Amino acid sequence: MQNFKVKDILEATGGRLLCGSPETVIETISTNSNAIDRRCLFVPIIGERVDAHRFIDDAIANGAKAVLTGEHDEMDKPVPCIRVENTVTAMQEIGREYGNRMDIPKIGITGSVGKTTTKEMIACALSAGFNVFKTEGNSNSQIGVPGTLVRISSEDEIAVIEMGMSMPGEMKRLAELLTLDCAVVTNIGVSHIEALGTQDGICDEKFHIEDALVQDGCVFLNGDDEILLRHMGKLRHDAVLFGLGENNDYRAVNIVSDGERTEFDAVIAGSITYHTTLKVPGMHNVRNALVALAVADRYSVPLDRAVKALEEYGGVSMRQQISSICGVTVIDDSYNASPDSMKAGIEVLCTVKADGRRVAVLGDMLELGPDSPRYHCEVGEFISRQKVDELIVFGELAEHIANGAEINSRINIVRCDSRADINEYLMHTMHTGDAVLFKASRGMKLNECAEYFKERYGNGKNN
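Residues numbered from 1 in each chain as written. Predicted model: local features only at pLDDT ≥ 70, side-chain atom pairs only at ≥ 80, totals over all residues. Heavy atoms only, no water.

### Here's the deal with the overall build of the chain
Link 1 in the chain: Per the secondary structure count, the chain includes 16 helices and 20 strands.
Link 2 in the chain: Radius of gyration (C-alpha) of the chain: 24 Å, near the 23 Å computed for a compact globule of 463 residues.
Link 3 in the chain: A principal-axis box enclosing the C-alpha atoms of the chain has dimensions of 70 × 55 × 45 Å.
Link 4 in the chain: A burial count over the chain gives 55% of its 463 residues as buried.
Link 5 in the chain: Contacts in the chain between residues at least 24 apart in sequence constitute 63% of all its contacts with a sequence separation of at least 6.
Link 6 in the chain: Just so you have it, the chain exposes about 19500 Å², and 44% of that area is on carbon and sulfur atoms. (Helix = DSSP H or I, 4+ residues; strand = E, 2+ residues; numbered from the N terminus. Rg over C-alpha atoms; globule rule 2.2 N^0.38 Å. Buried < 20%, exposed > 50% of the residue type's maximum accessible area, 1.4 Å probe, protein only. Contact = heavy atoms within 4.5 Å. Areas by Shrake-Rupley, 256 points an atom, 1.4 Å probe, with all protein chains shown as cover.)

As structure tokens, then:
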């Protein structure tokens, strides 16, 4: 934050100063009392288990220069204390006020799957022409977005903002916090369908990102997604399509992938072609690259330079990160999972170079609602048609993946009761030339198994 003081926070939030000077300068915001940065405002959040108001004194002791409170009417502290009705709402209003002061083009990214990777690739392509600000990690929530907005600096020339939602009304609220010049919708899957009922309901909620668009803004849509195409007529702004089908404004042809890199020709407006090489595998990354080029094109970045920038993109941690451990190819895609991303991970497993077996270690996909067993079974049926040699499942829901895969008796199916069982099994069965995929929802913590294997397998082979 630049040129922002306590008096600006009071104006943005309608809060009341309980003590301290309104001239106090604020440069950063934190919701963690143990992670206080320079000239930091501490925002205590009331969570399901912990009310962070109890850590106000800790935050001050750790260097906080001001604090919000939603629970005190009187305070006598050595730093400014600001009374607000709700600390989350207040943080959002601070983000909105500061973000509006940073008058640079902003691109919003949403969708059921692939938001973070798409955000990274768009930022990469735009970097060929701009100093780009982007959301850090996947801070795309009701707290993450305002926390992102306050990090924009005067040195930034364009911003790429990731926007997520899991409940009705959340995208509409995020759209109130910023003004977008264009928006990207990656796809409509079944993530969070438990709260939103249907994929059509998810699409309607995602489309509230359009509420943030300026009058002459546009929406970039995955033109290969049937649900997005079905609802496209509801949009009030121009739509630009990207994908593999002939209906797309930015499309890919002549796609060749060896599991480690992907080459294709990006065709724009049906005529101009740019040969593109990616260091990351998968058809979903081809689409991500296409929308990255589409956004770069909108902002007049020379596409030959944008293509060259994309060639240096190396992926995101725990999202299809490919490494080799003593001759075993490890695909760490353990950050999260949905049916679509699970299938995409399997496709990558089946395209990487492997002289030995292809092994999928899969856990539960969470928050899929009452039809969750069916979605898991469909993933298993998909696996039954692929070149997977062994399937290791972990979790009650993942049992349905195993059931679906049993159609193909060639696949060896192993059921593990714990992550420790997975670790032990892999250490004794993986061999040079094999490839292994780790994929599950974040709550299953399969990243621990991926890390264990990468750290211990090589040592075990050398001992």
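### Quick word on the packing of aromatic side chains
By convention here, two paired aromatic rings are described through the distance between centres and the angle between planes.
Link 1 in the chain: Scanning all chains against the criterion turns up one aromatic pair.
Link 2 in the chain: Between the aromatic rings of F4 and Y98, the centroid separation amounts to 5.7 Å while the plane-to-plane angle is 90 degrees, which identifies the pairing as edge-to-face. With F4 in the segment before helix 1 (6-13) and Y98 in helix 3 (residues 87-101), the pair connects residues that are 94 residues apart, well separated along the chain. Accessibility classification places F4 together with Y98 in one group, the buried group. (Phe/Tyr/Trp six-rings, centres within 6.5 Å; stacked < 30°, edge-to-face > 60°.)

### What to know about the sheet that holds strand 9 (residues 180-185)
Link 1 in the chain: If you walk across this open sheet you meet the nine strands as 7-8-6-9-10-11-12-13-14, and the pairing is mixed. Both outer strands of the open sheet, strand 7 (132-134) and strand 14 (272-278), are each paired with one neighbouring strand and no more. Strand-to-strand twist across the sheet, computed as the mean angle between neighbouring axes with direction ignored, equals 20 degrees.
Link 2 in the chain: Direction of pairing for strand 7 relative to strand 8 (residues 158-162): parallel, over a ladder of three bridges. By the bridge assignment for strand 8, V132 is matched with I158.
Link 3 in the chain: Against the sheet, helix 4 (residues 115-126) contacts strand 6 (106-110), strand 7, strand 8, strand 9 and strand 14, and its axis sits at roughly 170 degrees relative to strand 8. (Pairing = 2+ DSSP bridges. Axes fitted to C-alpha atoms, helices over the stretch in contact; angles between N-to-C directions.)

### A word on the side chain of T262
Link 1 in the chain: Summarising the element assignment, T262 is placed in strand 13 (residues 262-268).
Link 2 in the chain: The exposure class of T262 is buried, given its relative accessible area of 0%.
Link 3 in the chain: A distance of 3.1 Å separates a polar atom in the side chain of T262 from the backbone oxygen of V280. (Polar contact = N/O pair within 3.5 Å; in protein donor to acceptor, adjacent residues only side chain to side chain.)

### What to know about the pairing of strand 6
Link 1 in the chain: Of all five residues making up strand 6, five are buried, and the element is well covered by its neighbours.
Link 2 in the chain: Going residue by residue along strand 6, you find K106, G108 and T110 tucked away on one face and I107 and I109 tucked away on the opposite face as well.
Link 3 in the chain: Here strand 6 pairs with strand 8 via four bridges, running parallel. Paired with K106 across the bridge in strand 8 is A159.
Link 4 in the chain: Here strand 6 runs beside strand 9; their pairing, made up of four bridges, is parallel. Across the sheet, residue T110 finds its bridge partner in strand 9, namely V185.

### Comments concerning the nonpolar core
Link 1 in the chain: I383 and L391 are the most contacted members of the largest nonpolar core, which totals 81 residues.
Link 2 in the chain: Among the elements that take part in this core, helix 12 (residues 339-351) stands out by supplying five residues, more than any other.
Link 3 in the chain: For I383, the contacting residues outside a window of four places in its chain are I346, L362, V388, L391, I401, A405 and I411.
Link 4 in the chain: Core analysis: the next-biggest nonpolar cluster, separate from the first, contains 42 residues, M121, A128, F242 and Y299 among them. (Core = buried A, V, L, I, M, F, W, Y, C linked by side-chain atoms within 4.5 Å.)

### Re the packing of helix 4 against helix 11 (residues 303-310)
Link 1 in the chain: In contact at an axis separation of 7 Å, helix 4 and helix 11 are set at 130 degrees when each is read in the N-to-C sense. Judged by the inter-axis angle, helix 4 sits oblique to helix 11. In the crossing of helix 4 with helix 11, the sense of the turn from one axis to the other is right-handed. In this structure, helix 4 contributes M121, C124 and A125 to the contact, and helix 11 contributes A306, A309 and L310.
Link 2 in the chain: Across the contact of helix 4 with helix 11, the residue classes break down as six nonpolar, no polar and no charged. (Parallel < 35°, antiparallel > 145°, perpendicular 65-115°, else oblique. Left-handed = near helix turned anticlockwise from the far one by under 90°. Nonpolar A, V, L, I, M, F, W, Y, C, P; charged D, E, K, R; others polar.)

### Quick notes on unusual backbone geometry
Link 1 in the chain: For N254, which is not a glycine, the phi torsion comes out positive at approximately 55 degrees.
Link 2 in the chain: For N254, the location among the structural elements is in strand 12 (residues 250-257).
Link 3 in the chain: Using a relative accessible area of 54% as the deciding quantity, one classes N254 as exposed.
Link 4 in the chain: One non-glycine residue, C326, adopts positive backbone phi at about 50 degrees.
Link 5 in the chain: For C326, the location among the structural elements is in the loop between strand 15 (321-325) and strand 16 (328-332).

### A few points about helix 8 (residues 199-206)
Link 1 in the chain: Of the residues making up helix 8, those classed as buried are I202, C203, E205 and K206. With its buried residues spanning 165 degrees around the axis, helix 8 presents them on a single face. (Arc of directions from axis to C-beta.)

### Things to note about the packing of helix 13 (residues 372-384) against helix 14 (residues 398-405)
For any two helices packed against each other, one specifies the crossing angle of their axes together with the interaxial distance.
Link 1 in the chain: It is at 6 Å that the axes of helix 13 and helix 14 come closest, and there the two elements cross at 40 degrees. Considered as vectors, helix 13 and helix 14 are oriented oblique to each other. The chirality of how helix 13 crosses helix 14 is right-handed. Contacts between helix 13 and helix 14 involve P373, H376, C377, V379, G380, E381, I383 and S384 on the former and, on the latter, A398, H400, I401, G404 and A405.
Link 2 in the chain: A per-class count over the contact of helix 13 with helix 14 returns seven nonpolar, five polar and one charged.

### Points about the pattern of salt bridges
Link 1 in the chain: Tallied over the entire structure, the rule returns 33 salt bridges.
Link 2 in the chain: D8 is the salt-bridge partner of R101, the closest N and O atoms lying 3.0 Å from each other. Linking R101 in helix 3 with D8 in helix 1, this pair joins segments that are 93 residues apart in sequence.
Link 3 in the chain: A salt bridge links K439 to D333; the shortest N-O distance between them is 3.1 Å. Of this pair, K439 sits in strand 20 (residues 435-439) while D333 sits in the loop between strand 16 and helix 12; the two residues are 106 residues apart in sequence, bridging distant segments of the chain.
Link 4 in the chain: D333 gets classed as buried once you look at its relative accessible area, which sits at 5%.
Link 5 in the chain: Within this structure, E93, R96, R173 and E176 form a network of salt bridges that share partners. (Salt bridge = Lys/Arg side-chain N within 4 Å of Asp/Glu carboxyl O.)

The values reported here are purely geometric and, on their own, carry no functional implication.
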